[in-house]
Amino acid sequence: MTDMQHSGPFEALTAEALPARLGGVAALRERAGSDISRWNVREVGDGNLNLVFIVKGDRGSVVVKQALPYFRLAGESWPLSLRRTFFEYQALMRQEKRAPGTVPAVFHFDERQAFIVMEHLEGYVTLRKALIAGQQLPRIAEDIGPFMARTLFRGSDLYMAAHERKADLALFAGNADLCNITENLVFSDPYFVAPHNRHTAPQLDCLAASLRADSKLKAETQRLKQSFVTKAETLVHGDLHTGSIMVTAGSTKVIDPEFAFYGPMAFDVGTLIGDFWMSLFSQRGYEQGGSRADMRRYLLAVVANIWASFCNEFSRLWHEERSGVLFHRSLFEDQRDAQGADEALDQTLRSIWEEALGFAGITMHRRILGLAHNADFELIEDRDLRAQCEERTLRFGRDLVLNRTRIQSVDQANTLAEEFDRS
Ligand code: SR1
Ligand code: MG
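Here the structure is a predicted model, which is why all the values come from computation and not from measurement.

**Student:** Lay out the sheet that holds strand β10 (residues 245-248) with the relevant residues and their values.
**Tutor:** The strands making up a sheet are joined through hydrogen bonds of the backbone, oriented either antiparallel or parallel. Strand order in the open sheet formed by three strands is β8-β10-β11, with antiparallel pairing between adjacent strands. For this open sheet the edge positions go to β8 (125-126) and β11 (251-254), each flanked by a neighbour on one side alone. Sheet topology note: the β10/β11 ladder contains four bridges and is antiparallel. What sits directly across from Val247, in β11, is Thr252. Packing against the sheet, helix α5 (residues 140-154) makes contact with β10 and β11, and its axis sits at approximately 35° to β11.

Structure (structure tokens):
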């Protein structure tokens, strides 16, 4: 990872220029082959922010991911810090250490040119694409629940040495530009007529206006935003949705942690569960004669199993790896008060759950009323049908934000989701 760093000012790569520009990068030559004239390069990025190239050569293939200094979806008028690649690289390193095998392997990082050379996840598709196609991935909950538990627990004061965690907190505080995107696009813009917002119109006009006039809802979203901004609990992925997960039937990898920062544990949990519920609400948009009923049952089971596998692994870590400054064993187990530790664990999970429900509700609003939408709804061709799916989602989201402290279990939340989906 220490070979050639590119000097000179940042320049965006192109498929044509990549072999000549990066032909000297040892990590690329080792994996793709040293005969660069035989490299086949394709740009495949379909996200909002970056260029993604697949480089195939005689020896194999790798991915080169490069940041652009602007927001791809909006054009060059919206500048974005290239430094996010540094934070993505740092986050990938930590996630691999804390949850081995769950993220793509990193082979090289170039800070100035803002690119990372990483494992090509050949044969994988985004989880979002699979869910839209009605595919049921058997391993998803059992892989993702523990991923979240391990990364969130092991990046927190429950586990890390205090000085190390504080240094990390300071490091990731530098990712303020990307936090700022979330603070605006996720937590504020959906709740007023902001310049970049859009929604399915005119069908959702009335509901959008009524949510934006709902003082209680707005106040609760700002309480959740306060938690996002101030609760530096652990290193979160920061953008954990079904488009940030790559899958095959037998494997799951989490990608794209460029929004990583020290925030509330519940943020990753809530945004991900919220995305699964959005997938649920979108299924009627693809249904032909009840064809997605089984898919809906599957998605509800995934939500329940993600939460269960998250709690199981988090509890195991709590009992076996609680070595940080918080809830120290000297206060509990060492005083023959294992029960006290268990009660504190239950309260911790309870508070993650409540907050996660709130974040899930907000992510639903932002994906339907804000700037960056989900393909799950966008690909529903019939606009009336799409609006119907979106409307149920928006109403469910509101209920989650306002009633999060009253929803006692994942089963209760799933039952509510089903009721809204049938409404
Ligand atoms: C300006 S970035 C818009 C959205 O795309 C990313 O994937 C994040 O979800 C962000 O909110
Ligand atoms: Mg992303």
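**Student:** Can you lay out empty space enclosed by the protein for me, pointing to particular residues and giving the numbers?
**Tutor:** Using a probe with the size of a water molecule, rolled over the atoms, empty space left in the structure can be pinpointed. Taken as a whole, this structure holds one cavity of 30 Å³ or more when the rule is applied. Together, Asn50, Lys65, Gln66, Ala67, Arg84, Thr85, Glu88, Ala114, Ile116 and Glu258 line the largest cavity. Only β3 (61-67) and α3 (84-98) provide two or more residues apiece to the lining of the largest cavity.

**Student:** How would you explain α5 if you had to name every residue and give the values?
**Tutor:** For α5, which comprises 15 residues, the first-to-last C-alpha distance of 21 Å matches the rise-based estimate of 21 Å (1.5 Å per residue) to within 8%. The buried count for α5 comes to 13 of 15 residues, which makes it a mostly enclosed element.

**Student:** Tell me about the packing of helix α10 (residues 265-282) against helix α11 (residues 293-320), residues and numbers included.
**Tutor:** Relative orientation of the contacting elements α10 and α11 amounts to 165°, with a least axis distance of 8 Å. Between α10 and α11, the angle is such that the two are roughly antiparallel. In terms of crossing hand, the pair formed by α10 and α11 is right-handed. For the pair α10 and α11, the contacting residues are Met265, Val269, Leu272, Ile273, Phe276, Trp277, Ser279 and Leu280 in the first and Arg296, Leu299, Leu300, Val302, Val303, Ile306, Trp307, Phe310 and Phe314 in the second.

**Student:** So what's going on with a nonpolar patch on the surface? Residues and values would help.
**Tutor:** A cluster of nonpolar side chains, namely Val325, Leu326 and Phe327, defines an oily patch on the protein surface of about 250 Å² accessible area. Residue position: Leu326 is located in the loop between α11 and α12 (338-369). Exposure remark for Leu326: the relative accessible area of 39% places this residue in the partly exposed category.

**Student:** An account of the pairing of strand β7 (residues 115-119) is requested, with residue identities and associated values reported.
**Tutor:** Burial analysis of β7 places four of its five residues in the buried class, which makes it a mostly covered element. Bridging between β3 and β7 involves five bridges; their strand directions are antiparallel. Among the inter-strand pairings, Lys65 is bridged to a residue of β7, identified as Ile116. Examined bridge by bridge, strand β6 (residues 106-110) and β7 share four bridges and lie antiparallel to one another. Note that in β7 the partner of Asp110 across the bridge is Phe115. Counted between consecutive antiparallel strands, the loop separating β6 from β7 contains four residues, among which Ala114 sits at a positive phi close to 55°.

**Student:** Talk me through the pattern of salt bridges; I want residue IDs and the actual numbers.
**Tutor:** Counted according to the given criterion, the structure contains 31 salt bridges. Residues Arg198 and Glu378 are paired through a salt bridge, measuring 3.2 Å at the closest nitrogen-oxygen approach. Taken together, the residues Arg198 in the loop between α7 (176-185) and α8 (205-212) and Glu378 in helix α13 (residues 375-378) connect sequence positions 180 residues apart. Residue classification places Glu378 among the partly exposed positions, given a relative accessible area of 25%. Between Arg316 and Glu313 there is a salt bridge whose closest N-O contact spans 2.8 Å. Remark: Glu313 and Arg316 occur in helix α11; sequence separation between them is three residues, near one turn of the helix. Exposure remark for Arg316: the relative accessible area of 29% places this residue in the partly exposed category.

**Student:** Provide a residue-level description of the layout of surface pockets, including the pertinent values.
**Tutor:** In this structure, the second largest pocket occupies an estimated 200 Å³ of space. For the second largest pocket, the full set of lining residues is Met93, Arg94, Lys97, Arg98, Arg154, Tyr159, Met160, Ala161, Glu164 and Asp168. Counting only elements with at least two residues in the lining of the second largest pocket, the list comes to α3 and α6 (162-172). At four residues, the largest contribution of residues to the lining of the second largest pocket is made by α3. For the lining of the second largest pocket, a count of residues per class yields four nonpolar, no polar and six charged.

**Student:** I'd love a proper account of the state of the cysteines, names of residues and values included.
**Tutor:** Taken as a whole and judged by the stated rule, the model has zero disulfides. Cys206 carries a free sulfur, and the closest cysteine sulfur to it, the one in Cys389, is 19 Å from it.

**Student:** Provide a residue-level description of the site of ligand 1, including the pertinent values.
**Tutor:** Around ligand 1 sit Asn48, Leu49, Phe71, Ile181, Leu185, Asp239, Phe259, Arg366, Arg367 and Ala372, and those are all the residues in its vicinity. In this structure, Arg367 approaches ligand 1 through a side-chain N or O atom, which is 3.4 Å from an oxygen atom. Expressed as a share of its isolated accessible area of 320 Å², the protein-covered part of ligand 1 is 94%. Elements with a contribution of two residues or more to the shell around ligand 1: α7 and α12. Looking at side-chain class alone, the shell around ligand 1 contains six nonpolar, one polar and three charged residues.

**Student:** Describe the nonpolar core, naming the residues involved and giving the relevant values.
**Tutor:** With 104 residues, the main nonpolar core has Ile140, Met148, Phe276, Trp277, Phe310 and Phe314 as its most contacted residues. When residues no more than four places from it in sequence are discounted, the contact partners of Phe314 are Ala149, Phe153, Leu158, Met265, Leu345, Thr348, Leu349 and Ile352. Of all hydrophobic cores here, the second largest spans 19 residues; its members include Val25, Ala27, Val41 and Phe107.

**Student:** Describe in detail the sheet that holds strand β2 (residues 50-56), supporting the description with residues and values.
**Tutor:** If you trace the five strands from one edge of the open sheet to the other, you get β1-β2-β3-β7-β6, paired in antiparallel fashion. Looking at which strands have only one partner, the edges of the open sheet turn out to be β1 (40-43) and β6. The average angle at which neighbouring strand axes cross in this sheet is 20°, direction not considered. One ladder, built from four bridges, connects β1 with β2; its direction is antiparallel. Of the residues in β2, the one forming a bridge with Arg42 is Ile54.

Calculation criteria
Residues numbered from 1 in each chain as written. Chains lettered and ligands numbered in written order. Predicted model: local features only at pLDDT ≥ 70, side-chain atom pairs only at ≥ 80, totals over all residues. Heavy atoms only, no water. Pairing = 2+ DSSP bridges. Helix = DSSP H or I, 4+ residues; strand = E, 2+ residues; numbered from the N terminus. Contact = heavy atoms within 4.5 Å. Axes fitted to C-alpha atoms, helices over the stretch in contact; angles between N-to-C directions. 1 Å grid on protein atoms, 1.4 Å probe; cavity = no way out; pocket = protein on both sides within 12 Å on 5 of 7 lines; lining within 4 Å. Points joined across faces, edges and corners; volume = space filled by probe spheres on them. Expected span 1.5 Å × (residues − 1). Buried < 20%, exposed > 50% of the residue type's maximum accessible area, 1.4 Å probe, protein only. Parallel < 35°, antiparallel > 145°, perpendicular 65-115°, else oblique. Left-handed = near helix turned anticlockwise from the far one by under 90°. Patch = residues over 30% accessible without salt bridge, like charges linked within 9 Å, V, L, I, M, F, W, Y side chains within 5 Å. Areas by Shrake-Rupley, 256 points an atom, 1.4 Å probe, with all protein chains shown as cover. Salt bridge = Lys/Arg side-chain N within 4 Å of Asp/Glu carboxyl O. Nonpolar A, V, L, I, M, F, W, Y, C, P; charged D, E, K, R; others polar. Disulfide = S-S within 2.5 Å. Near = heavy atom within 4 Å. Polar contact = N/O pair within 3.5 Å; in protein donor to acceptor, adjacent residues only side chain to side chain. Core = buried A, V, L, I, M, F, W, Y, C linked by side-chain atoms within 4.5 Å.

These figures come from the coordinates and say nothing about function on their own.
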